[in-house]
Amino acid sequence: MEVGDFVKGLPGSPYRITTEKMTRGVVKSVYGSLITVKVLDHTEGLFGTFDVKPEFFEAIGHVKPFVREDVLELLKSGCKKALLDYDLSEADLSGANLSEADLSRADLIGADLSRADLSEADLIGADLSGANLSEADLSGANLIGADLSGANLSRADLIGADLSRADLSGANLIGADLSGANLSRADLIGADLSRADLSGANLIGADLSGANLSRADLIGADLSRADLSGANLIGADLSGANL
């Protein structure tokens with residue numbers, strides 16, 4: 001087996017999760033007698049990344065190289081699930097229509113999703129670290145546990161998005177609209193939220209240490225148990241906020 005192979009678990013596996021109930025995984029690395037498998041589909045909804053022995057798996061395909069024209073044609077035909085067959089890291093998906101797409105646990109590291117429509121998209125556990133999501137529409141998107149560290153989300157529409165437990169450390173959220181968003185227990189360490197709209201947002205237990213919240217709209221936001229140590233709140237509107 002090699003990096004990029006899609007695999008499924010075989011009966012008789014000694015492992016707890018990467019069994020025959022894992023219907024689809026991808027090989028992330030190969031070293032010595034072991035492979036690292038990231039679980040993509042599991043009949044019991046279990047996920048993770050594990051170092052395992054290759055003899056307990058069967059290769060069922062391989063990640064396709066990203067070709068923008070092919071992918072855009074798939075999107076036009078409504079085959080959004082097929083996106084996960086491609087290598088989407090550093091992919092140019094700027095301006096693409098990905099509304100309601102299933103991109104859960106997708107590898108979108110460094111991808112260009114600027115001005116893309118990701119409204120209501122499933123991005124649970126997706127890796128969007130370093131991605132460009134400036135001016136993207138992520139309204140109502142499910143980003144629970146997603147990695148958005150270092151991502152550019154300036155002026156993005158995140159109205160009503162679920163970002164609970166997401167990693168937004170060091171992210172650029174300047175002027176982003178996060179009104180009504182769920183950011184409970186999110187990691188926002190060092191994030192730039194200047195001029196962002198966080199009115200009515202759920203920030204319970206969020207880590208905002210060192211974050212820039214200057215001139216941010218926090219009207220009616222719930223900041224209970226949030227860590228604001230070292231945060232810049234100059235000019236922020238905290239009227240009606242729960243601190």
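Quick note: structure is the one above.
Computed from a predicted structure; not experimentally measured.

Thresholds, definitions, all that
Every chain is numbered independently, its residues counted from 1 as its sequence is written. Two thresholds apply to this predicted model, a pLDDT of at least 70 for residue-level local features and 80 or more for giving and counting side-chain atom pairs, whereas whole-chain, interface and lining totals are computed over all residues. Side-chain descriptors were evaluated using all non-hydrogen atoms of the structure, hydrogens and water having been removed beforehand. Only protein chains enter the accessibility calculation, which uses a 1.4 Å probe; a residue whose area is less than 20% of its type maximum is buried, one above 50% is exposed, and one in between is partly exposed. Each helix is a run of DSSP H or I of at least 4 residues and each strand a run of E of at least 2, with the numbering of both proceeding from the N terminus. When DSSP finds at least two bridges between two strands, those strands are taken to pair. As used here, the term nonpolar core means buried Ala, Val, Leu, Ile, Met, Phe, Trp, Tyr and Cys residues forming a set that is joined through side-chain atoms within 4.5 Å. Only heavy atoms matter for contacts: two residues are in contact if any of them lie within 4.5 Å across the pair. The rule is simple: put a 1 Å grid over the protein atoms alone, call a set of points where a 1.4 Å probe fits but cannot get out a cavity, call an open set with protein on both sides within 12 Å along at least five of seven lines a pocket, and count a residue as lining if it has an atom within 4 Å of a point. Grid points are joined across faces, edges and corners, and a volume is the space filled by probe spheres set on the points. Note on residue classes: Ala, Val, Leu, Ile, Met, Phe, Trp, Tyr, Cys and Pro are nonpolar, Asp, Glu, Lys and Arg are charged, and everything else, Gly too, is polar. Polar contact is defined as a pair of N or O atoms within 3.5 Å, subject to the rule that within protein one atom must be able to donate a hydrogen and the other to accept it, and that residues adjacent in sequence are counted only when both atoms are side-chain atoms. The salt bridge definition used is simple: a Lys or Arg side-chain nitrogen within 4 Å of an Asp or Glu carboxyl oxygen. A fitted line through C-alpha atoms serves as each axis, taken over the contacting stretch for helices, and the angle formed by two N-to-C directions is quoted from 0 to 180°. Stacked, edge-to-face and tilted labels apply to pairs of Phe, Tyr and Trp rings (six-membered ring for Trp) whose centres lie within 6.5 Å, assigned for plane angles under 30 degrees, over 60, and everything in between, in that order. Should the NZ of a Lys or the CZ of an Arg lie within 6 Å of a ring centre and within 35 degrees of the ring normal, that charge is described as sitting over the ring.

Novice: Hey, could you run me through the pairing of strand 1 (residues 5–9) in this one?
Specialist: Where burial is concerned, most of strand 1 is hidden: 4 out of the 5 residues are buried. As paired elements, strand 1 and strand 5 (residues 57–62) share 5 bridges and run antiparallel to each other. When the bridges of strand 5 are listed, Asp 5 appears paired with His 62. Of the pairings in the sheet, the one linking strand 1 to strand 2 (residues 22–31) comprises 2 bridges and is antiparallel in character. Across the sheet, the residue bridging to Val 7 is Gly 25, located in strand 2.

Novice: Mind showing me how you'd approach the nonpolar core here?
Specialist: Looking at soluble globular proteins, one finds that nonpolar side chains tend to be buried together. Within the largest apolar cluster, 64 residues are counted, with the highest numbers of intra-cluster contacts made by Leu 173, Leu 188 and Leu 203. Not counting chain neighbours up to four residues away, the residues in contact with Leu 173 comprise Leu 153, Ser 154, Leu 158, Leu 168, Leu 178, Leu 188, Ala 191, Asp 192, Leu 193, Ser 194 and Ala 196. Judged by nonpolar contacts, the second largest core, of 9 residues, contains Ile 35, Val 39, Val 52 and Phe 57.

Novice: I tried to follow the layout of surface pockets on my own but got confused; where do I start?
Specialist: Leftover empty space is mapped by rolling, across the atoms, a probe with the size of a water molecule. Computed from the structure, the largest pocket encloses a volume of approximately 350 Å³. Along the wall of the largest pocket there are 23 residues; nearest its centre are Val 26, Lys 28, Val 63, Tyr 86 and Asp 107. The biggest single contributor to the lining of the largest pocket is strand 2, with 4 residues. Of the residues assigned to the lining of the largest pocket, the class counts are 12 nonpolar, 2 polar and 9 charged.

Novice: Help me out: how do you make sense of the environment of Phe 56 in this one?
Specialist: If you trace the backbone, Phe 56 turns up in the loop between strand 4 (49–52) and strand 5. Sequence separation between Phe 56 and Lys 8 is 48 residues, and the spatial gap between their C-alpha atoms is 8.7 Å. Not counting residues within four places of it along the chain, the set of residues in contact with Phe 56 comprises Lys 8, Gly 9, Leu 10, Gly 12, Ser 13, Pro 14 and Tyr 15.

Novice: When you look at the side chain of Ser 154 in this model, what are you seeing that I'm missing?
Specialist: By secondary structure assignment, the location of Ser 154 is in the segment after helix 1 (68–76). Side chain to side chain, Ser 154 and Asn 152 meet in a polar contact 2.8 Å long. Excluding anything up to four places from it in sequence, Ser 154 contacts Ser 134, Glu 135, Asn 172, Leu 173 and Ile 174.

Novice: Any chance you could explain the pattern of salt bridges here in plain terms?
Specialist: Between side chains of opposite charge, pairing is possible as soon as their charged atoms come close. This model, assessed by the stated rule, comprises 5 salt bridges. Ionic pairing is found between Asp 107 and Lys 28, a salt bridge with its closest N-O pair at 3.3 Å. Note that Asp 107 is positioned in the segment after helix 1 and Lys 28 in strand 2, a separation of 79 residues in sequence. The exposure class assigned to Asp 107 is partly exposed, which follows from its relative accessible area of 24%. Taking the relative accessible area as the measure of exposure, Lys 28 reaches 37% and is therefore partly exposed.

Novice: Mind showing me how you'd approach the sheet that holds strand 1 here?
Specialist: Paired through their backbone hydrogen bonds, the strands of a sheet run either parallel or antiparallel. On the basis of which strands lie adjacent, the open sheet formed by 5 strands has the order 4-3-2-1-5 and antiparallel pairing. Pairing within the sheet leaves two strands with one partner each, and these edge strands are strand 4 and strand 5. Within the sheet, the average angular offset between the axes of one strand and its neighbour, ignoring direction, is 40°. Sheet analysis places strand 3 (residues 34–42) next to strand 4, joined by 4 bridges and oriented antiparallel. Note that in strand 4 the partner of Val 37 across the bridge is Phe 50.

Novice: I'm lost on the packing of aromatic side chains in this one. Help?
Specialist: Here the structure, examined in full by the defined rule, presents 2 aromatic pairs. Both rings, one in Tyr 15 and one in Phe 56, keep their centres 5.8 Å apart while their planes meet at 90°; by these two values the pair is edge-to-face. With Tyr 15 in the loop between strand 1 and strand 2 and Phe 56 in the loop between strand 4 and strand 5, this residue pair connects regions lying 41 residues apart in the sequence. Ring plane angle 20° and centroid distance 6.4 Å describe the contact between Tyr 15 and Phe 57, whose orientation is recorded as stacked. Here Tyr 15, found in the loop between strand 1 and strand 2, pairs with Phe 57, found in strand 5; they are 42 residues apart in sequence, far enough to count as distant. With a relative accessible area of 22%, Tyr 15 lands in the partly exposed category. Of the residues examined, Phe 57 reaches a relative accessible area of 5% and is grouped as buried. Among the aromatic side chains, those forming a connected cluster through ring pairs are Tyr 15, Phe 56 and Phe 57. One Lys or Arg, Arg 105, reaches over the ring of Phe 47 and ends 3.3 Å from the middle of that ring.

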